[in-house]
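Chain and residue survey
Below, each chain spelled out in residue letters.
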Amino acid sequence: MSKERARRRAEREAERERLAAARAERVARAARRRELRERLVGPVAGAVGAVLPRPARPVRVARQRGYLARRRRTENAVVVVLWFLVQVLAWILLDSWMARLGVFLGSILLLPVLVTIVFDRRS
């Protein structure tokens with residue numbers, strides 16, 4: 001029984017050492033990245049920082065998480081990609097600038113209607 005406990009303890013210690021080495025590597029990589037960024041951006045940031053006021057604390061803008069937020073981002077991405085494809089096809093297939101402008105304005109005007117019809121959440 002004690003051999004089994006010793007083996008499990010050795011496995012736990014090996015895992016702990018592996019995690020510590022990985023953590024140390026991440027910290028070292030972050031330090032190298034900070035040092036490189038400071039070397040590259042430091043003079044510029046110093047000049048800009050002397051002119052512009054800095055906020056009292058850094059402002060972090062976190063986006064919403066969860067299933068609904070992820071679904072909304074996916075829907076928005078699909079809408080943007082499809083709108084862009086319509087614009088590219090109009091640009092390729094139509095020779096007239098007025099026709100291209102008409103497709104552009106029509107797609108801008110119809111986009112909210114189509115989004116409401118396709119992604120309506122009331123039903």
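As a reminder, the structure under discussion sits directly above these lines.
Now for a quick tour of the structure. Since we're looking at a predicted model, the values are computed, not measured.

What counts and how
Residues numbered from 1 in each chain as written. Predicted model: local features only at pLDDT ≥ 70, side-chain atom pairs only at ≥ 80, totals over all residues. Heavy atoms only, no water. Axes fitted to C-alpha atoms, helices over the stretch in contact; angles between N-to-C directions. Helix = DSSP H or I, 4+ residues; strand = E, 2+ residues; numbered from the N terminus. Parallel < 35°, antiparallel > 145°, perpendicular 65-115°, else oblique. Left-handed = near helix turned anticlockwise from the far one by under 90°. Contact = heavy atoms within 4.5 Å. Nonpolar A, V, L, I, M, F, W, Y, C, P; charged D, E, K, R; others polar. Expected span 1.5 Å × (residues − 1). Bend = angle between axes of the 7 residues up to and from the residue. Polar contact = N/O pair within 3.5 Å; in protein donor to acceptor, adjacent residues only side chain to side chain.

Axis angle and axis distance: for two packed helices, these are the angle between their axes and the distance between the axes, and together they describe the pair. Packing of helix H2 (residues 67-93) against helix H3 (residues 97-118) brings their axes to within 10 Å, and their N-to-C directions diverge by 160°. It follows that H2 is roughly antiparallel to H3 by the angle criterion. Considering how the two elements wind past one another, H2 and H3 form a crossing that is right-handed. Facing Val79, Trp83, Val86, Gln87, Ala90 and Trp91 of H2, the residues of H3 in contact are Trp97, Arg100, Val103, Phe104, Ser107, Ile108, Leu111 and Val115. Tallied by class, the residues present in the contact of H2 with H3 amount to 11 nonpolar, 2 polar and 1 charged.

On to H3. With 22 residues, H3 should reach 32 Å at 1.5 Å per residue; the first-to-last C-alpha distance of 30 Å fits that figure. Along H3, the largest kink reaches about 40° and is centred on Leu110; proline Pro112 follows within four residues of it. You can read the cap of H3 off the contacts: a side-chain oxygen lies 3.2 Å from the backbone nitrogen of Met98, and it is on Ser96.

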